[in-house]
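Observations on the three-dimensional arrangement
Listed here are the chains, written in short residue letters.
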Amino acid sequence: MAADIDVLDALSNVPALRNAQVWEIVRCCRAFREHPDGGDQTVEIEISADGAGRFMVVATDVARGLTAQGVPMPGLNGAVNMVPWYILDDPESP
């Protein structure tokens, strides 16, 4: 995508999205870790930013159907630390 295209600005002009919070996914990462039950766990991490410069992090274990979503924060470190990571440790999930 061309660097001069402001996706958030373009989406803010869509009538169906009026008054919606629109976040741009700025980075996707993958983490491999040992789940507390001893099995392997792959965690997809999505980092989004909004037009006000806030970040939000969503971490998902697709195989177990678990998602841990943080809250919007003005800095990336704060956003990462506000994710309830313990949700990904749920022993009841398959």
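Described in the following lines is the structure provided in the data block. (Residues numbered from 1 in each chain as written. Predicted model: local features only at pLDDT ≥ 70, side-chain atom pairs only at ≥ 80, totals over all residues. Heavy atoms only, no water.)

In spatial order, the strands read β1-β2-β3-β4; together these four strands make up an open sheet with antiparallel pairing. Each edge of the sheet is formed by a strand with only one pairing partner; in this case those strands are β1 (24-34) and β4 (66-69). Looking at each pair of strands side by side, their axes are set apart by 20 degrees on average, direction ignored. Relative to strand β2 (residues 40-49), β1 runs antiparallel, the two being bridged by ten bridges. Of the residues in β2, the one forming a bridge with R33 is Q41. (Pairing = 2+ DSSP bridges. Helix = DSSP H or I, 4+ residues; strand = E, 2+ residues; numbered from the N terminus. Axes fitted to C-alpha atoms, helices over the stretch in contact; angles between N-to-C directions.)

Right, let's get into the nonpolar core. In this structure, V43, I45, I47, V57, A59, L66, A68, A79, V83 and L88 together form the largest nonpolar core, which totals ten residues. Only β2, β3 (55-61) and β4 provide two or more residues apiece to this core. Not counting residues up to four positions away in its chain, the partners in contact with V43 are C29, R30, A31, R33, A59, T60 and L88. (Core = buried A, V, L, I, M, F, W, Y, C linked by side-chain atoms within 4.5 Å. Buried < 20%, exposed > 50% of the residue type's maximum accessible area, 1.4 Å probe, protein only. Contact = heavy atoms within 4.5 Å.)

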